[in-house]
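What follows is the residue order along each chain.
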Amino acid sequence: MKEKLLQVKNDALEQINKITNNDDIEKIRVKFLGKKGELTLILRSMGALSKEEKPVVGKLANDVRNIIEENIAKIKTDINNKIKEEKLNNEKVDVTMPSNYYQIGRRHPLMQTKEELENLFLSMGYDVVEGPEVDTVKNNFDDLNAPEDHPSRDMSDTFYLADGIVLRTQTSPVQIRIMKTQKPPIKMVSAGRTFRFDEVDDTHSPMFHQMECLVIDKGITMANLIDAINQFVREMFGEEMKTRFRPHNFPFTEPSAEVDVSCLKCKGKGCEACNGTGWSMELLGCGMVHPNVLKNCGIDPEVYSGFAFGMGIDRVTMVKYGLNNIRLLYENDERFLKQF
Ligand code: DAH
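Residues numbered from 1 in each chain as written. Predicted model: local features only at pLDDT ≥ 70, side-chain atom pairs only at ≥ 80, totals over all residues. Heavy atoms only, no water.

**Q** Quick question: what am I supposed to make of the site of the ligand here?
**A** Around the ligand, the structure places 15 residues, and the nearest of them are Gln-170, Ser-172, Arg-196, Gln-210 and Glu-212. In the environment of the ligand, a nitrogen atom lies 2.7 Å from a nitrogen or oxygen atom belonging to the side chain of Gln-170. Take Ser-172: an N or O atom from its side chain is 3.0 Å from a nitrogen atom of the ligand. A total of 350 Å² of accessible area belongs to the ligand in isolation, and the protein chains cover 90% of it. (Near = heavy atom within 4 Å. Polar contact = N/O pair within 3.5 Å; in protein donor to acceptor, adjacent residues only side chain to side chain. Areas by Shrake-Rupley, 256 points an atom, 1.4 Å probe, with all protein chains shown as cover.)

**Q** Just to check I follow, could you spell out the packing of aromatic side chains for this structure?
**A** The relation between two aromatic rings is expressed through the spacing of the ring centres and the mutual angle of the planes. Using the criterion set out here, one finds eight aromatic pairs in the structure. Plain terms: the ring middles of Phe-121 and Phe-309 are 6.0 Å apart, the flat faces sit at 45° to each other, and that makes the pair tilted. On the criterion of sequence distance, the pair formed by Phe-121 in helix α5 (residues 109-123) and Phe-309 in strand β10 (residues 305-312) is long-range, its members being 188 residues apart. Comparing Phe-121 with Phe-309 shows no difference in burial state: the two are buried. When the ring of Phe-250 is compared with that of Phe-252, the centres are 5.8 Å apart and the planes differ by 15°; the resulting orientation is stacked. Taken as a pair, Phe-250 and Phe-252 share a single burial class, namely buried. Clustering of aromatic rings is evident, with ring pairs tying together Phe-121, Tyr-126, Phe-232 and Phe-309. If you follow Lys-187 out to its NZ or CZ, it ends over the ring of Tyr-126, 4.9 Å from the centre. (Phe/Tyr/Trp six-rings, centres within 6.5 Å; stacked < 30°, edge-to-face > 60°. Helix = DSSP H or I, 4+ residues; strand = E, 2+ residues; numbered from the N terminus. Buried < 20%, exposed > 50% of the residue type's maximum accessible area, 1.4 Å probe, protein only. Lys NZ or Arg CZ within 6 Å of the ring centre and 35° of its normal.)

**Q** Looking at this structure, how should I read the sheet that holds strand β3 (residues 160-162)?
**A** Spatial ordering of the open sheet is given by β2-β4-β3, a layout of three strands whose pairing is antiparallel. A single partner strand is all that each edge strand has here, and the edge strands are β2 (134-136) and β3. The mean inter-strand angle of the sheet, taken between neighbouring strand axes irrespective of direction, is 40°. Two elements, β3 and strand β4 (residues 165-167), share two bridges in a ladder whose sense is antiparallel. Residue pairing for β4: Ala-162 is matched across the bridge by Ile-165. (Pairing = 2+ DSSP bridges. Axes fitted to C-alpha atoms, helices over the stretch in contact; angles between N-to-C directions.)

**Q** It is not clear to me how helix α10 (residues 313-321) should be interpreted in this structure. Could you clarify?
**A** One turn of an α-helix holds 3.6 residues; hence residues three or four places apart share an orientation. Every buried residue of α10 is accounted for by Ile-313, Asp-314, Val-316, Thr-317, Met-318 and Val-319. Buried residues belonging to α10 abut α5, β5 (186-195), β6 (207-217), α8 (222-237), β8 (253-261) and β10. (Contact = heavy atoms within 4.5 Å.)

**Q** How should I be thinking about α5 in this particular structure?
**A** Counted at 1.5 Å a residue, the expected span for α5 with its 15 residues is 21 Å, and the 21 Å between its end C-alpha atoms agrees. Count one or two residues on from α5 and you reach Gly-125, which has phi positive near 90°. (Expected span 1.5 Å × (residues − 1).)

**Q** Where do I start with unusual backbone geometry in this structure?
**A** With the exception of glycine, most residues fall at negative phi, and the peptide bonds are largely trans. Omega for the bond connecting Pro-184 with Pro-185 falls within 30 degrees of zero, at 0°, which places this linkage in the cis form. Following the sequence through the fold, Pro-185 ends up in the loop between α7 (173-181) and β5. A positive phi is found at Asn-275, a non-glycine position, where the angle reads about 55°. With respect to the helices, strands and loops of the structure, Asn-275 is situated in the loop between β8 and β9 (284-289). Judged by its relative accessible area of 69%, Asn-275 falls in the exposed class.

**Q** Help me understand the packing of α5 against α10 in this model?
**A** Packed helices, taken two at a time, are described by the angle their axes make and the gap between the axes. Across the interface, α5 lies against α10 with an axial gap of 9 Å and an inter-helix angle of 100°. Of the possible angle classes, the one that applies to α5 and α10 is roughly perpendicular. In contact with Pro-109, Leu-110, Gln-112, Thr-113, Lys-114, Glu-116 and Leu-117 of α5, α10 contributes Ile-313, Asp-314, Val-316, Thr-317, Lys-320 and Tyr-321. When its residues are assigned to classes, the contact of α5 with α10 shows six nonpolar, three polar and four charged. (Parallel < 35°, antiparallel > 145°, perpendicular 65-115°, else oblique. Nonpolar A, V, L, I, M, F, W, Y, C, P; charged D, E, K, R; others polar.)

Below is the structure:
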């Protein structure tokens, strides 16, 4: 029996040494150590041995089993190391290979202007607030002191969504929302989209952008309004830029004015871009907040006064970059947008 055991050991070691893959390891293990394996069968027949022989042969059988198990474990590690090494060799990274090229997007020029304006007013101590694009007729017209028969209320000028609900035609309703929910002093700007029933031409689009400004406190005068606008224009367009206030009429301000700035191209000397006038197109509307508007919002006009202005962000962008057609801002032509 001893010889048989030694023979099994030698056979096993010889076959283990020839193994080259994981499948064969399992086959060999079953062949020698499995339920019907060669070593197992020998152990089963040990019952026939004498009392003296049993422990000796038993020990030898155990040794043989251990040796076979150790060798199987060792070949298993060797094979797995080899597989890993081959894999690593095949997966070598070529760091000199050109990578995929992803084009990085950029902010739209209108959004760049909006952010620039917001940051500018933030630095001048204003709060930046938001209002909804869908608002009530009350906020968009009534409380802003627009008379019942004001032409801007007409269906041919305003998009009505339901009874008493409109796509806001201006950012001015945000003034109402803020005055109704906050106590003076108030110092805010609010920018966003606005909508009007306009045909598209070089300077009009049915959807455009405005920024609203509102300041309410005790003792606010027209001088504060002019100072705020001049400060903003110089910061935005340059020190040498001048402003021109022309009397105008808005329902929510009294007195009211429209403001032009020097032509960016000739700085006021007169050129073909400004038709020799020295002035760019109208930039914003402004005025002292009408006492009726203050009253509509529960603010006492005997105690408080304020100024407001609203400007076209599209206009500012066009003046800033010398654009002569608003369509450029809405066509999403990458050749145009790439330049900003
Ligand atoms: N809401 C006006 C418009 O869309 C612009 C405007 C004018 C806003 C005067 C104001 C203001 O706040 O005081 O034409």
